[in-house]
Structure formats: structure tokens, C-alpha cells
Amino acid sequence: MRLVILDNYDLASEWAAKYICNRIIQFRPGQDRYFTLGLPTGLPRNHPESYHSYMWNNFFKHIDIDPNNAHILDGNATDLQAECDAFEKKIKEAGGIDLFVGGIGPDGHIAFNEPGSSLVSRTRVKTLAMDTILANAKYFDGDLSKVPTMALTVGVGTVMDAREVMILITGAHKAFALYKAIEEGVNHMWTVSAFQQHPRTIFVCDEDATLELRVKTVKYFKGELTGLVRMLKSLRNYFPLELYIFLKRFRTSASVRMPPSIWRKMDLQYCSGLYI
């Protein structure tokens, strides 16, 4: 488990975006070789505030992606359980999720896995907690009667199956949830805590979100990040990004023979999400 602490929301968002980009580049996707990115979606697709609309308006239409490769749960499906089962099948057919990116609520829920959700749950229909309904009311002119009370969501178990999980936590109102996520034990009432048991979880947060953490916890993770940044800065003098990309293309050629330790350092520099 890693905890990356940035000064503010904007820096945390930028760090996360660069990390995702570098993970995709490192994967080297191509024809019939896809990087599967899991993102939070759900609710009726024809509603302007649905996650379906949000993802298309804020992400998919701005990138080079075949619409057929964007799979979003359809909240308007006639048989919602069949829709959820089909979604799980699509994930398996894609070879699993390479990187799942999500946020949490102040109550520690991940996706729409509300407090009390099973930690081995799969994609399903979930009744929303009142705290979640209240939090989403701002997108519906503050009218609670317009906020959906149910949603389709991937389960905790579905997310746990991803090869890597990135969870974004920002703001003082989520500080207690971050504390529950990393400093206390696994608890189904704080579903985000399940990711303590994932082999590759990275929490990205801002300073405000760390207000409930122990001082020694913050110092440890800040020290870990500071050490990594210091090492990357020193490597930068020897391995410019352009040179790295060039060498990567000819890594297996006889003309490029470097010790494995050097390649590991270059890989770390390029794929850490810290190269600016």
C-alpha cells in the first residue's frame, strides 16, 4: 500500500493523471492489446447528471477512443441483474481490469458500495445511503426527490480483482474516512478499508485529507515520497525522458546492452508518475 500526499487538490489531481498516463504508456497498448481502465460510472444514461453523461462529456469525447471500447453500466436496462452479470462477463473477457480508479465518500464507501456492503460483492444494484443521496443533491438543484435512490455499481470484490487500484481522497470532510482506510483494520462498515489487503493499492490525497492521521503516519509516507523524488531528480540528469523513450524501442537489440539495474532505475523514473 502506498499513500501519496500532495499539497492541494489540484496537485493531487495532476499527480494522479500523470500516473495513469504513464501506466498506459508503460503497458504499450496496440491492436488487440488493450489497457483496461476501471472508472466510476452508473445511474440512468439519459440523465444529464448521470455518471454515463459525466464520463462522456468530461473524458471520453476528449480522447481518442473507440466508443465500442467504453463499457458503461446501463441503468435503463430492462433486467438490471442481467446487465450487472453481463458487465462482470465483459471484464473477464477483457482479461480483467489493469487499473481501477475511484474516489470515496465521507463514510468510506468505494463506488456505491455503501457501509455494510459485502467485501466480496460483485457488480449489482445497490440502494444508496442517505448520506450519499444528500451528497449528490447538489447535482439536482438541491431537490432530494430528484436524486436516484438506487444505482448500479461494481462490487468491492470486483475492484479487488483489478491488478492495481488507485483511490483519490481529498478534502477535510474525507479525513476520517482516510484514517479508517489505512490506520484501522478491515471493516465492512468502511468498505475502502478492504484495499489494505490489495497487493497494489495507491491512495492519493491532499494535505486536508490527512488531518485525522497520526503524525508518524504522515511523516512516514511523506518521507517515502520525498526519497523517491530525490532519487528521480538525480536520475533525471542521466536519463532524459526522450532518451528513455528512444532506448525503450531498441531495448532488445544487440546494440543496446545495459545492466538490469540501470533499466530498473529508468523504468522507475519513467513510470512513477512523478516525471515532470
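Fair warning: this is a prediction, and the values are worked out from it, not measured in the lab. (Residues numbered from 1 in each chain as written. Predicted model: local features only at pLDDT ≥ 70, side-chain atom pairs only at ≥ 80, totals over all residues. Heavy atoms only, no water.)

## Focus on the overall build of the chain
From N to C terminus, the chain includes nine helices and seven strands. Counting across all 276 residues of the chain, residues that qualify as buried make up 45%. A sequence separation of at least 24 residues applies to 71% of the contacts in the chain between residues at least 6 apart. Total accessible area on the chain is roughly 14,900 Å²; 55% of this is exposed by carbon and sulfur atoms. (Helix = DSSP H or I, 4+ residues; strand = E, 2+ residues; numbered from the N terminus. Buried < 20%, exposed > 50% of the residue type's maximum accessible area, 1.4 Å probe, protein only. Contact = heavy atoms within 4.5 Å. Areas by Shrake-Rupley, 256 points an atom, 1.4 Å probe, with all protein chains shown as cover.)

## Section: the sheet that holds strand β6 (residues 165-169)
Strands sit in the order β1-β7-β6-β3-β2 across an open sheet of five strands; the sheet is parallel. For this open sheet the edge positions go to β1 (2-6) and β2 (37-38), each flanked by a neighbour on one side alone. In the sheet, β1 pairs with strand β7 (residues 201-206) via five bridges, with the strands oriented parallel. Across the sheet, residue I5 finds its bridge partner in β7, namely C205. Where helix α6 (residues 175-182) meets the sheet, its contacts fall on β1, β6 and β7, and the angle it forms with β7 comes to roughly 155 degrees. (Pairing = 2+ DSSP bridges. Axes fitted to C-alpha atoms, helices over the stretch in contact; angles between N-to-C directions.)

## Comments concerning the confidence of the model for the chain
Of all residues in the chain, 78% attain a pLDDT of 70 or more, and the chain-wide mean is 83. Overall, residues 252-256 carries pLDDT values under 50, and its contacts beyond four positions in sequence, including any with other chains, amount to five contacts. Note on residues 272-276: pLDDT under 50 across the span, and 21 contacts to partners over four residues away in sequence or across chains. (pLDDT = per-residue confidence, 0-100.)

## Quick word on unusual backbone geometry
Positive phi, normally seen in glycine, also occurs at R28, with a value near 60 degrees. Summarising the element assignment, R28 is placed in the loop between α1 (9-27) and β2. Non-glycine residue A111 carries a positive phi angle of around 55 degrees. Of note, A111 is situated in the loop between β3 (99-103) and β4 (124-127).

## With respect to the pattern of salt bridges
Opposite charge on two side chains allows them to pair when their charged atoms are near. Counted under the stated rule, the structure contains nine salt bridges. Note that E14 is salt-bridged to K18, the shortest N-O span being 3.0 Å. A residue pair is termed a helical-turn pair when its members lie 3 or 4 positions apart in one helix, as E14 and K18 do in helix α1 at four residues. As a salt-bridge pair, E183 and R214 come within 3.1 Å of each other at their nearest N and O atoms. With a gap of 31 residues between them, E183 in the loop between α6 and β7 and R214 in the loop between β7 and α7 (215-236) connect regions that are remote in the sequence. Classification of E183 as buried rests on a relative accessible area of 15%. Within the structure, one salt-bridge network assembled from shared partners comprises R23, E164 and R200. (Salt bridge = Lys/Arg side-chain N within 4 Å of Asp/Glu carboxyl O.)

## Some points on the packing of aromatic side chains
Evaluation of the coordinates by the stated rule reveals six aromatic pairs. With a centroid separation of 5.3 Å and 75 degrees between ring planes, the pair formed by F27 and F35 is classed as edge-to-face. By the burial criterion, F27 is buried, and F35 matches it. Judged by centre distance (5.5 Å) and plane angle (75 degrees), the ring pair of F176 and W190 falls under edge-to-face. Highlighted residues: F176 in helix α6 and W190 in the loop between α6 and β7, separated in sequence by 14 residues. Accessibility expressed as a relative area gives 38% for F176, which makes it partly exposed. Using a relative accessible area of 17% as the deciding quantity, one classes W190 as buried. Grouped by ring-pair contacts, the aromatic residues F176, Y179 and W190 constitute a single cluster. Over the ring of F27 we find R33; its NZ or CZ atom is 4.0 Å from the centre of that ring. (Phe/Tyr/Trp six-rings, centres within 6.5 Å; stacked < 30°, edge-to-face > 60°. Lys NZ or Arg CZ within 6 Å of the ring centre and 35° of its normal.)

## Notes on the nonpolar core
Judged by nonpolar contacts, the single largest core of 33 residues is most densely connected at L3, I167, I169, L178, F195 and F203. Filtering out sequence-adjacent residues up to four positions away, F203 remains in contact with M1, R2, L3, V4, I167, I169, A181, I182 and V192. Residues V4, L6, I20 and L99 belong to the second largest nonpolar core, which totals 15 residues. (Core = buried A, V, L, I, M, F, W, Y, C linked by side-chain atoms within 4.5 Å.)

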